[in-house]
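Coordinate analysis (summary)
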Amino acid sequence: MRAAAFAGLLLLLAVPARAGDDIDRIPPLGDDKPADAAPDANRVVYLQNDVSLYARRTNLAVPLPPSPAASWEERLFADARLTFPLGNAVSFTYSGRLNFRADDDLPFPSHQNIRHDLREAYIAWQAGGGAFLEFGRINLKSGVALGYNPTDYFKTNAVVEPLSADPSVLREDRLGTLMFLAQKVWDGGALTLALAPKLQRPAAIGAPLPSFDPLFDRTNGRARVLLKASLTLFDDVNPEVLVYSEAGRTSFGLNLTRAFGQSVVGYLEWSGGSRAGLVQDAVASGAPPILPHDPARAFRSDLALGVSYAAPFETTFNLEYHCHQAGFSAADWRNWFDTGAAHAADPAVTGALWAIRGYASDRQEPLARGSLFARAAVQDAFVPDLALTAFVESDLRDGSGIAQVAADYDLSRRWSAGVLADATFGARRSDFGSLPGSLSVLARVSRYF
Amino acid sequence: MFSARFIALALLACTAAAHAQSAQEIVAAADLVRNPQAPYRSTVTDIAYRDGKPVDRNVFTVYAKIDPATKQFRDLVIYVDPPRDAGKMVLFRGNVLWFYDPASKDSVRIPPQQTLTGQASAGDILTENLAVNYTATLLGAETIDDAGREKRDCWHLDLKPANDGATYNRVEYWVEKITAHPIKAKFYSDSGRLLKILYYRNYTPGLGGVRPTQAVIIDAVDSALVTTVDFANAQYQDIPDAWFQRDYLPHVKAD
């Protein structure tokens, strides 16, 4: 469509328009086609099939312990988000996905071929006057950044076998937390209290995923409390402050956004609190103490600072700087690689090293202390209904990173198809260059009901 | 001689001042025709036509309410159709725009310029009081064809941004003299390029007035593209101010 737009512009410049031409282009009244079913915004159901191919690195700096490593995966799933009214002010919401999957390292048939992800199931009561009470498994999202959300405290351990490394997809494919949520929203702001009890012992790092299990050991392995308040100070200044407590550790957060003219929005997301470094946290959560680790806590900050720019031709760019003070220090990286190289033939040691990274991945914590994230999205790229997105995230310490491009095309009102590819890059002893996955390609087709 | 020239200049100045004032009033009167001033909701259907054939169709529910502080509308737009977009929302609160996706329960702030993207941009389905965001100048009287090729005696107005809430750098606007019905508008980019031509048509009684129920948007850049925007099922509704807060979005249940 953009190419056509350019051609149209050139024609417009070259040939003076005839008066009245515009009216000739107007379709007659009533010349529309009704939808083939009454649409309902409270009900989204779709079926999707994904086929993925994976390429893996050989000669890793730290070898993986022997484990399944699929080179292809087939996944068919039914996904539903449904809200049912139970009365005048009460509703029930279910959000979940039933997966059927197979790959070249998975026995078939087995219980691993099928899995249900219960993302949300909660009852909501609108108490009136902008007050809400909700109870059940709720996906409570916080934060204003795109690539990394330091204040999205309920993201930890919530993502199960994501379909994409794109942070926006990770937020879709995650489990909610069983909680009691109370919220008051008024014209000048909002106050939110979330209480999430501990229901089970925390899941072990890299624990296998059962077929039918709400996985409360992942989302409710610790008691958690979140209090957040947003206030409209001026029309364009609407800060949100957060206080979060988990297992006796308190964090504070801040979200800010501001427009700069018509095309740019700037945003800042910060979280800080007293905590140990990533290695110590992983050890405290069950990773073998294979690396030097300091149990001392210090005030550490997480920051995402970014801008969003609405460019011509239906393109949006985001650029973000991410800071994660609890991430790997230079010494942590050196220890991780040196220990792995020295014990490359010992699966117990390499397994312990990868468990630390698995812990960070489960918690959606970057290893990097500083990174850059850039994303571009184009609507109606070249032809109508074709959306292109691409992002790259790079560790500022070693220049390694991950890049992804995706194309999604709406074949019709109910059918969509897409393809995405992501690749990691970097030196052998770098953050992303040391990962086993080098390239993956996914093709998908979806049918909405 | 001097006094006659002075009086003539004074009269000219007074006439110009009266025109400036009346231009703004004409735009305000046309706003009253387009938009009910009490809170209301409506179903909006946009259909994109390429070379005269419908190629895309979207349905939204729009809730609109005037902000007493700015006199401008705040809008909550809920995507209803196609099914893949059902439940997505855009909140417009002055220059503050949030896009909400129920799949991730994530709201992302977007730049105001992003309302201009898409075949039928979100900006085209919004309720807007042009008299609030633009300063009008009367260019003169003109008889033009409306969308049905009927002759209309109109005021021809030139609108320039009065504040940051104005989406376009310039708008040419034709308002029928007798009825204050908006008939046609032309929208220009910052660079002065004509972006789109808009016709209002299908005037129908509703919500205490006779209002246009269809806008026809003719893309001035892509000569094959035309979009119609239909407004239906409009009804007054008490809309709490809290609906226009970002934190309210996860609680919105579409009717």
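Note that the structure is predicted; figures quoted are calculated from it, not measured. (Residues numbered from 1 in each chain as written. Chains lettered and ligands numbered in written order. Predicted model: local features only at pLDDT ≥ 70, side-chain atom pairs only at ≥ 80, totals over all residues. Heavy atoms only, no water.)

**A short note on the overall build of chain A**
When you go through chain A residue by residue, the secondary structure sums to seven helices and 18 strands. Against the 2.2 N^0.38 benchmark of 22 Å for 449 residues, chain A shows a C-alpha radius of gyration of 24 Å, consistent with a compact globule. Along the longest, intermediate and shortest principal axes, the C-alpha atoms of chain A span 80 × 55 × 50 Å. The buried share of chain A, taken over its 449 residues, is 48%. Residue pairs in contact within chain A that sit at least 24 positions apart in sequence constitute 60% of those at least 6 positions apart. If you sum the accessible surface of chain A, you get close to 19,700 Å²; carbon and sulfur atoms cover 65% of it. Seen as two clouds, the 42 positive and the 49 negative side-chain charges of chain A have centres 5 Å apart. (Helix = DSSP H or I, 4+ residues; strand = E, 2+ residues; numbered from the N terminus. Rg over C-alpha atoms; globule rule 2.2 N^0.38 Å. Buried < 20%, exposed > 50% of the residue type's maximum accessible area, 1.4 Å probe, protein only. Contact = heavy atoms within 4.5 Å. Areas by Shrake-Rupley, 256 points an atom, 1.4 Å probe, with all protein chains shown as cover. Lys, Arg positive; Asp, Glu negative; His and termini not counted. Charge placed at Lys NZ, Arg CZ, Asp CG, Glu CD.)

**Examining the confidence of the model for chain B**
All names here are of chain B. Scored by pLDDT, chain B has a mean of 86; 87% of the residues are at 70 or more. Model confidence for chain B, summarised as mean pLDDT per element, is weakest for helix α1 (residues 2–34) at 64 and strongest for strand β9 (residues 170–176) at 97. Here residues 6–18 is modelled with pLDDT under 50, and outside its nearest four sequence neighbours on either side it reaches zero contacts, counting other chains as well. Under the prediction, the complex receives an ipTM of 0.89, its pTM being 0.88. (pLDDT = per-residue confidence, 0-100.)

**What to know about the pairing of strand β16 (residues 401–410) of chain A**
Residue and element names in this part refer to chain A. Relative to β16, strand β15 (residues 386–395) is paired through nine bridges, and the arrangement is antiparallel. Among the inter-strand pairings, E393 is bridged to a residue of β16, identified as I402. Two successive antiparallel strands, β15 and β16, enclose a turn made up of five residues, where G399 displays a positive phi of approximately 75°. As paired elements, β16 and strand β17 (residues 415–425) share ten bridges and run antiparallel to each other. The residue of β17 that forms the bridge with Y409 is A417. As consecutive antiparallel partners, β16 and β17 are separated by four residues. (Pairing = 2+ DSSP bridges.)

**Details of unusual backbone geometry**
All names here are of chain B. A cis geometry characterises the amide bond from D81 onward to P82, with omega recorded as 10°. Within the fold, P82 resides in the loop between β3 (73–81) and β4 (89–93). Of note, the phi angle at D51 is positive, near 50°, even though the residue is not glycine. Mapped onto the elements of the fold, D51 is located in the loop between β1 (40–50) and β2 (53–66).

**Things to note about the interface of chain B and chain A**
Across the contact, 72 residues belong to chain B and 77 residues belong to chain A. Here chain B meets chain A over a buried area of about 6,100 Å², counting both sides, of which 51% is carbon and sulfur. When residues of chain B are sorted by the area they lose upon contact with chain A, R84, K105 and R109 of chain B head the list and together hold 12% of the total. The tally of links from chain B across to chain A stands at ten salt bridges. For D410 of chain A, the salt bridge is made with R84 of chain B, and the minimal N-O distance between the two is 3.3 Å. Viewed at the interface, chain A and chain B are joined by 27 residue pairs in polar contact (both at pLDDT 80 or more). Secondary structure elements with two or more residues in the side of chain B that touches chain A: β1, β2, β3, β5 (96–101), β6 (106–110), β11 (194–206), β12 (209–219) and β13 (225–236) of chain B. (Buried area = accessible area lost by both parts, 1.4 Å probe. Salt bridge = Lys/Arg side-chain N within 4 Å of Asp/Glu carboxyl O. Polar contact = N/O pair within 3.5 Å; in protein donor to acceptor, adjacent residues only side chain to side chain.)

**Some thoughts on the environment of L133 of chain A**
Residue and element names in this part refer to chain A. Mapped onto the elements, L133 comes out in strand β5 (residues 131–138). Judged by its relative accessible area of 31%, L133 falls in the partly exposed class. Considering only alpha carbons, one finds L133 and D173, 40 residues apart in sequence, at a separation of 24 Å. When sequence neighbours within four positions are dropped, the list of residues in contact with L133 reads I123, A124, W125, F180, L181 and A182.

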